[in-house]
Amino acid sequence: ILSVSLVGAIATTLMLVLAMREVDLSVGSIVALSGVVSATVIASTGSVLPGVAAGLAAGAAVGFFNGAVVAKLKVNSLIATLATMEIVRGLAFLTSSGEAVSIPNESFYVLGSGEFLGVNYPVWIAVACFAVFGFILNFTVFGKNVLAIGGNPEAARLAGVPVTRVRITVFTLQGLVAGLAGIVLAARITSGQPNTSVGLELAVISACVLGGVSLLGGVASITGVLIGVLIMGAAQNALNLLDVQTFYQYVVRGG
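Below you will find a few notes about this structure. Since the structure is predicted, the reported quantities are computational estimates derived from the model, not experimental observations.

### Observations regarding the packing of aromatic side chains
Counted under the stated rule, the structure contains 2 aromatic pairs. Ring plane angle 35 degrees and centroid distance 5.6 Å describe the contact between F135 and F139, whose orientation is recorded as tilted. With F135 and F139 both in helix α6 (residues 121-139), this residue pair falls 4 residues apart, about one helical turn. What makes F135 partly exposed here is its relative accessible area of 48%.

This is the structure in structure tokens:
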């Protein structure tokens, strides 16, 4: 469960993006950037709180930018986030000067390796994401609006749904959660790594699709996403336990 906590947390918001008939390919780069930004701020200030705040702000800013480009400028989300995937990865390398940023404050490591009731904090964070966004999807007007936009954007607009605002909000939430995941990952590996999480977006999309989220929009289930994440995790864990070579693992996961 710990091994899929990162994918699971991000999948809860990517579910909303896909349900809205959009896609976000920049999440892996956001994870890297947020981790690097957090590590850099903590290293320079010696304080954890400003570092965490900076990492979250960086993720949310990229998400807001994605949403604004898609909703306001009407750029296809595949093209827009493909571009920001490259830009944000570049910013991560520029921020860290192309090197891992060590984190001198060991209290920050607790976020990635600490436990509560015998369960690691990253797992609790993923559980919280599933609870919060499951509630949003199923029991709020905002969640219904997301599904309505995915089902038929023009009909949703004519029905009074604030399509532009909802799109920007969803992408911002996606960036925020990806930023949180990046901070947790930095705490787990005790440094900000600009080259981490390459291809993470594909694992998250795969988990969502396995969980029944429609790429055509309008259909999503938080329970399905949870099952999709666990299928991915169980398959990978079983392959590792069976000592299957990494190259074969790619083939089996794709299958």
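There's more to say after this.
### Overview of the environment of A186
Mapped onto the elements of the fold, A186 is located in helix α9 (residues 163-189). Looking at A186, the relative accessible area reads 3%, which means it is buried. With 85 residues separating them in the primary sequence, A186 and V101 have C-alpha atoms 9.5 Å apart. Apart from residues no more than four positions distant in its own chain, A186 is found in contact with G35, I103, F108 and S191.

### What to know about the pattern of salt bridges
If you walk through the whole model with that rule in mind, you get 2 salt bridges. In this structure, the salt-bridge partner of E22 is R167, at a minimum N-O distance of 3.4 Å. One end of the pair, E22, is in the loop between α1 (5-19) and α2 (27-45); the other, R167, is in helix α9, with 145 residues separating them in the sequence. Note that R157 is salt-bridged to E154, the shortest N-O span being 2.4 Å. Of this pair, R157 and E154 both sit in helix α8 (residues 153-158), 3 residues apart, which is roughly one turn of that helix. Relative accessible area serves as the criterion here: at 40%, E154 is assigned to the partly exposed category.

Cut-offs used in this document
Residues numbered from 1 in each chain as written. Predicted model: local features only at pLDDT ≥ 70, side-chain atom pairs only at ≥ 80, totals over all residues. Heavy atoms only, no water. Phe/Tyr/Trp six-rings, centres within 6.5 Å; stacked < 30°, edge-to-face > 60°. Helix = DSSP H or I, 4+ residues; strand = E, 2+ residues; numbered from the N terminus. Buried < 20%, exposed > 50% of the residue type's maximum accessible area, 1.4 Å probe, protein only. Contact = heavy atoms within 4.5 Å. Salt bridge = Lys/Arg side-chain N within 4 Å of Asp/Glu carboxyl O.

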